[in-house]
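# Summary of the model geometry
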Amino acid sequence: MLLANGASIPTIAGAVEEEEEYARSEANSVHYDGYVTDHTDLASEVDIDESEYRRELLNDKWRMLFDKFDPEGFGEIPLEDFLTALRSPEWKAEIPTNKRDILLTRAKESRVGAVTFQDFVNVVSL
């Protein structure tokens, strides 16, 4: 027996339970394979929020745009590269002028030598 007496291992769709404990439970059926799913209903737990889904897609869009100028993949663009990105055709096509202006102002006022992805998203997602 691999599991301690009365132990179970939770999984995404149920739990693997110790055989003797399962045999005494109400969920027991004629066949026991060590995997119990009767107490888990994944469909009831999944509540897809459409606005959250759209937000994630938009975040992915911004991530792809940002990553083109984040060569090291650290989640930040060095200030000089960021200024170049703001003038790039890709960014001009995707980011409205007023938001690019805000990004430019914040980049120039920054005391840090780079702009993070989070800072970028905070402006473009307004």
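Check the entry above for the structure.
Residues numbered from 1 in each chain as written. Predicted model: local features only at pLDDT ≥ 70, side-chain atom pairs only at ≥ 80, totals over all residues. Heavy atoms only, no water.

### Some details on helix α7 (residues 117-124)
The set of residues buried in α7 consists of Phe117, Phe120, Val121, Val123 and Val124. Each buried residue of α7 sits inside an arc of 165° when the element is viewed along its axis, so together they form one side. (Buried < 20%, exposed > 50% of the residue type's maximum accessible area, 1.4 Å probe, protein only. Helix = DSSP H or I, 4+ residues; strand = E, 2+ residues; numbered from the N terminus. Arc of directions from axis to C-beta.)

### A closer look at the pattern of salt bridges
If you walk through the whole model with that rule in mind, you get two salt bridges. With a shortest N-O distance of 3.1 Å, glutamate 94 and lysine 61 are connected by a salt bridge. With glutamate 94 in helix α5 (residues 89-94) and lysine 61 in helix α3 (residues 50-67), this residue pair connects regions lying 33 residues apart in the sequence. Here aspartate 67 and arginine 63 are joined by a salt bridge, their closest N and O atoms 3.4 Å apart. Of the two residues, aspartate 67 and arginine 63 are both situated in helix α3; the distance of four residues between them amounts to about one turn of the helix. (Salt bridge = Lys/Arg side-chain N within 4 Å of Asp/Glu carboxyl O.)

### Concerning the nonpolar core
Counting 18 residues, the largest nonpolar core has Trp62, Phe82, Trp91, Ile95, Leu103 and Phe120 as the members making the most contacts within it. Elements represented by at least two residues in this core include exactly α3, α4 (79-87), α6 (97-109) and α7. Here this core takes five residues from α7, the largest share from any one element. (Core = buried A, V, L, I, M, F, W, Y, C linked by side-chain atoms within 4.5 Å.)

### Notes on the packing of aromatic side chains
All told, the structure shown has seven aromatic pairs when counted by the stated rule. Taking 5.3 Å as the distance between ring centres and 70° as the angle between the ring planes, the aromatic pair formed by phenylalanine 66 and phenylalanine 117 counts as edge-to-face. Taken together, the residues span a long stretch of sequence, with phenylalanine 66 in helix α3 and phenylalanine 117 in helix α7 at a distance of 51 residues. Using a relative accessible area of 8% as the deciding quantity, one classes phenylalanine 117 as buried. Note on phenylalanine 66 and phenylalanine 120: the rings are 5.4 Å apart at their centroids and 45° apart in plane angle, and the pair reads as tilted. A residue pair is termed long-range when its members are at least 10 positions apart, and phenylalanine 66 in helix α3 and phenylalanine 120 in helix α7 qualify at 54 residues. Considered together, phenylalanine 66 and phenylalanine 120 belong to a single accessibility category, that of buried residues. One aromatic cluster in this structure is built from Trp62, Phe66, Phe69, Phe82, Trp91, Phe117 and Phe120. Taking the ring centre of tryptophan 62 as reference, the NZ or CZ of lysine 61 above it sits at 4.8 Å. The side chain of arginine 63 reaches across the aromatic face of phenylalanine 117, ending 3.7 Å from its centre. (Phe/Tyr/Trp six-rings, centres within 6.5 Å; stacked < 30°, edge-to-face > 60°. Lys NZ or Arg CZ within 6 Å of the ring centre and 35° of its normal.)

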